[in-house]
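Okay, here's what each chain looks like letter by letter:
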Amino acid sequence: MTSDPNCIFCKIIAGTIPSVRLYEDHEFICIRDIQPQAKAHFLVLPKQHIKSLDDAFPVEGRDQTELMGRLMRIGTLVARQQGLLPSGFRAVINTNHMAGQTVDHLHLHILGGEPLAGGFGR
Ligand code: 5GP
Ligand code: ZN
């Protein structure tokens, strides 16, 4: 399994940085975001160090279509388990710097637990 010793999320996965884990299996973990932007805000991370969607679907090389399907599934299952369904939640993947990706380890944000502001982008 690929890992980057300088990556904060790889350190969380390894347990060297603490986190509140809501879910874990062989392929993913789900943690509470440290700076929640909604009443409920958690992140689903593949344990494999994939930098972004850009790297998940490269121009050449291995494509992560099946892993991305399973990532969305875990986000939805945890959202349901956390009581965010059927009322609803928002799923977001910021990709690279112009979208505001600050941690270069692919992660799915799940936000909810209260009505969310509408709109995207600026
Ligand atoms: P991005 O901006 O890359 O889409 O999202 C990164 C997210 O990771 C942010 O919402 C930020 O609050 C969260 N985050 C950054 N460092 C940590 C950490 O050490 N622990 C946890 N649980 N979340 C973190
Ligand atoms: Zn990483």
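Calculation criteria
Residues numbered from 1 in each chain as written. Chains lettered and ligands numbered in written order. Predicted model: local features only at pLDDT ≥ 70, side-chain atom pairs only at ≥ 80, totals over all residues. Heavy atoms only, no water. Near = heavy atom within 4 Å. Polar contact = N/O pair within 3.5 Å; in protein donor to acceptor, adjacent residues only side chain to side chain. Areas by Shrake-Rupley, 256 points an atom, 1.4 Å probe, with all protein chains shown as cover. Helix = DSSP H or I, 4+ residues; strand = E, 2+ residues; numbered from the N terminus. Nonpolar A, V, L, I, M, F, W, Y, C, P; charged D, E, K, R; others polar. Pairing = 2+ DSSP bridges. Axes fitted to C-alpha atoms, helices over the stretch in contact; angles between N-to-C directions. Contact = heavy atoms within 4.5 Å.

Q: Tell me about the site of ligand 1, and please be specific about residues and values.
A: Among the 16 residues in the neighbourhood of ligand 1, the closest are listed as Arg32, Asp33, Asn94, Thr102 and His109. In the model, an oxygen atom of ligand 1 is placed 2.9 Å from a nitrogen or oxygen of the Gly100 main chain. Relative to its unbound accessible area of 520 Å², ligand 1 is 87% covered by the protein chains. Of all the elements in the fold, those that place two or more residues in the shell around ligand 1 are helix H1 (8-14) and strand E2 (28-32). No other element matches H1, which puts three residues into the shell around ligand 1. Its residues assigned to classes, the shell around ligand 1 comprises seven nonpolar, seven polar and two charged.

Q: Give a description of the sheet that holds strand E5 (residues 108-112) that names residues and reports values.
A: One open sheet accounts for five strands, arranged E1-E2-E3-E5-E4; its pairing is antiparallel. A strand with exactly one partner marks an edge of an open sheet, and here the two such strands are strand E1 (21-24) and strand E4 (89-92). Shown here is a sheet whose adjacent strand axes are inclined to one another by a mean of 15 degrees, direction ignored. Bridge count for E2 against strand E3 (residues 40-46) is five bridges, and the pairing is antiparallel. Paired with Ile31 across the bridge in E3 is Leu43. The sheet strands contacting helix H3 (residues 65-81) are E1, E2, E3, E4 and E5, and the helix crosses E3 at an angle near 150 degrees.

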